[in-house]
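Survey of secondary and tertiary structure
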Amino acid sequence: MPFPDTSAPFDADDGSSAFTVAALHLHPVKSCAGLSVPEARLAATGLAGDREWMLVDAAGEFVSQREHPRMALIRPAIAADGSLQLQAPGLAPLQLPAEPLGERLRVRVWDDEVAARSAGPGAARWFSECLGEPVRAVRFEAGQRRLSSRKWTGEIEAENAFSDGYPILVVSQAALDELNRRLAARGQPAVTMQRFRPNLVLAGLDAHAEDHLDELHIATPDGPVVLRLVKPCPRCPIPNIDPDTAVPGHEPGDTLAGYRADPRVGGAISFGMNAVIVEGVGRRLAVGQDGRGTVRF
């Protein structure tokens, strides 16, 4: 099946598509398990609390499920005081403070070197035991600006914490439903949205409608939130890792390869769209809020 024509409008009446916020997901520690939340404040770097922590090796390079699938089993919870509580099989729970006071470090996430604050030796021992390799837990240092590629964001200077490169990842629920329909036709089990690690899941759109949209306009009690969809999300092998067992496989990647090769990202398999913030920092997104997506021409 050829990749859809991104110039095709969805709504012939007014050129926009209605949707509802179906789910919000945070991933407090990059590449560890995520959690669903009923609402989240929009920060300059994306959803507040998302990917503010990261694990690094002895050289200060970030580590992920690509090298350590077991990271999928590290499960977070956010306490009322903002601290992070983590659980992993075979280990006592670990608590990370909201504002760590450990060593200041320079760490690397992809091509960016940024400032971070260590969670200290106790956290390092816990994560190292979990992964079987020396690692440290670090928190993104406030007051610095790590920007998305201007090739995709244009005039917008989009800030990030430890996300791969963009502040918010958007996926339609119908995209997952279509994938599961295709998996069933191949005799494969269904997968959950956990595999794709989005921040914002939208209901009411056609499958992969997000590919065509330009901006998302969401009404909140605090005022409008406007997100611009700027780049398809090319997929690495992480969606092939079962989030419940940390066992790698070949699906859903094999099925996606049959219909999601995307010429906009050099033929890579894409699923979801990376978004940047146009308006709404400080406002709160919540499950059930309504919005409309404008069409990219």
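Attention in this report is confined to the structure presented alongside it. (Residues numbered from 1 in each chain as written. Predicted model: local features only at pLDDT ≥ 70, side-chain atom pairs only at ≥ 80, totals over all residues. Heavy atoms only, no water.)

Section: the sheet that holds strand 11 (residues 136-140)
If you walk across this open sheet you meet the four strands as 5-11-10-9, and the pairing is antiparallel. Taken across any chain shown, the strands that pair with only one partner, and hence form the sheet edges, are strand 5 (53-56) and strand 9 (104-109). With strand direction ignored, the average angle separating the axes of adjacent strands in the sheet is 50°. (Pairing = 2+ DSSP bridges. Helix = DSSP H or I, 4+ residues; strand = E, 2+ residues; numbered from the N terminus. Axes fitted to C-alpha atoms, helices over the stretch in contact; angles between N-to-C directions.)

A few points about the sheet that holds strand 3 (residues 39-43)
One open sheet accounts for three strands, arranged 4-3-20; its pairing is antiparallel. Each end of this open sheet is capped by a strand with a single partner; those strands are strand 4 (46-47) and strand 20 (284-286). Note that strand 3 and strand 4 share two bridges and pair antiparallel. Bridge pairing in strand 4 links L42 to L47.

Brief notes about unusual backbone geometry
Of the consecutive residues E251 and P252, the connecting peptide bond is found in the cis state with omega at 10°. Residue position: P252 is located in the loop between strand 17 (223-234) and helix 4 (253-257). In this structure, S31 is a non-glycine residue whose phi angle is positive, near 75°. Mapping S31 onto the fold places it in the loop between strand 1 (16-26) and strand 2 (35-37). Look at S31 and you get buried, because its relative accessible area is 6%. With phi around 50°, R51 is a residue other than glycine that occupies positive phi space. As for its placement among the helices and strands, R51 is situated in the loop between strand 4 and strand 5. Overall, R51 belongs to the buried group, its relative accessible area being 11%. (Buried < 20%, exposed > 50% of the residue type's maximum accessible area, 1.4 Å probe, protein only.)

Remarks on the nonpolar core
Within the largest apolar cluster, 25 residues are counted, with the highest numbers of intra-cluster contacts made by I168, V170, L200, L216 and L227. When residues of this core are traced back to their parent elements, those giving at least two are strand 1, strand 2, strand 3, strand 14 (168-172), strand 15 (200-203), strand 16 (213-220), strand 17 and strand 19 (268-279). With four residues, the top contributor of residues to this core is strand 1. Excluding its chain neighbours within four sequence positions, the residues that come into contact with I168 are L42, G46, L47, N199, L200, L227, M273, N274, A275 and I277. (Core = buried A, V, L, I, M, F, W, Y, C linked by side-chain atoms within 4.5 Å. Contact = heavy atoms within 4.5 Å.)

Notes on the packing of aromatic side chains
In total, this model carries four aromatic pairs according to the counting rule given. Against the face of Y259 rests R182, its NZ or CZ located 3.8 Å from the ring centre. (Phe/Tyr/Trp six-rings, centres within 6.5 Å; stacked < 30°, edge-to-face > 60°. Lys NZ or Arg CZ within 6 Å of the ring centre and 35° of its normal.)

What to know about the environment of Q85
Relative to the helices and strands, Q85 resides in strand 7 (residues 84-87). Sequence separation between Q85 and R228 is 143 residues, and the spatial gap between their C-alpha atoms is 33 Å. Setting aside chain neighbours within four positions, we find Q85 in contact with R75, P76, A77, A79, L94 and Q95.

Section: the side chain of N199
Relative to the elements of secondary structure, N199 occurs in the loop between helix 3 (173-185) and strand 15. Engagement of the side chain of N199 in a polar contact is seen with the side chain of D50, the distance being 3.2 Å. When near neighbours in sequence (up to four residues on either side) are disregarded, N199 contacts A23, L24, H25, H27, L47, D50, R51, P167, I168 and L169. (Polar contact = N/O pair within 3.5 Å; in protein donor to acceptor, adjacent residues only side chain to side chain.)

Some remarks on helix 1 (residues 121-131)
Burial in helix 1 covers these residues: A123, A124, W126, F127, S128, C130 and L131. Those residues of helix 1 hidden inside the fold are in contact with strand 5, strand 7, strand 8 (94-96) and strand 11. Following helix 1 by one or two positions, G132 has its phi on the positive side, about 75°.

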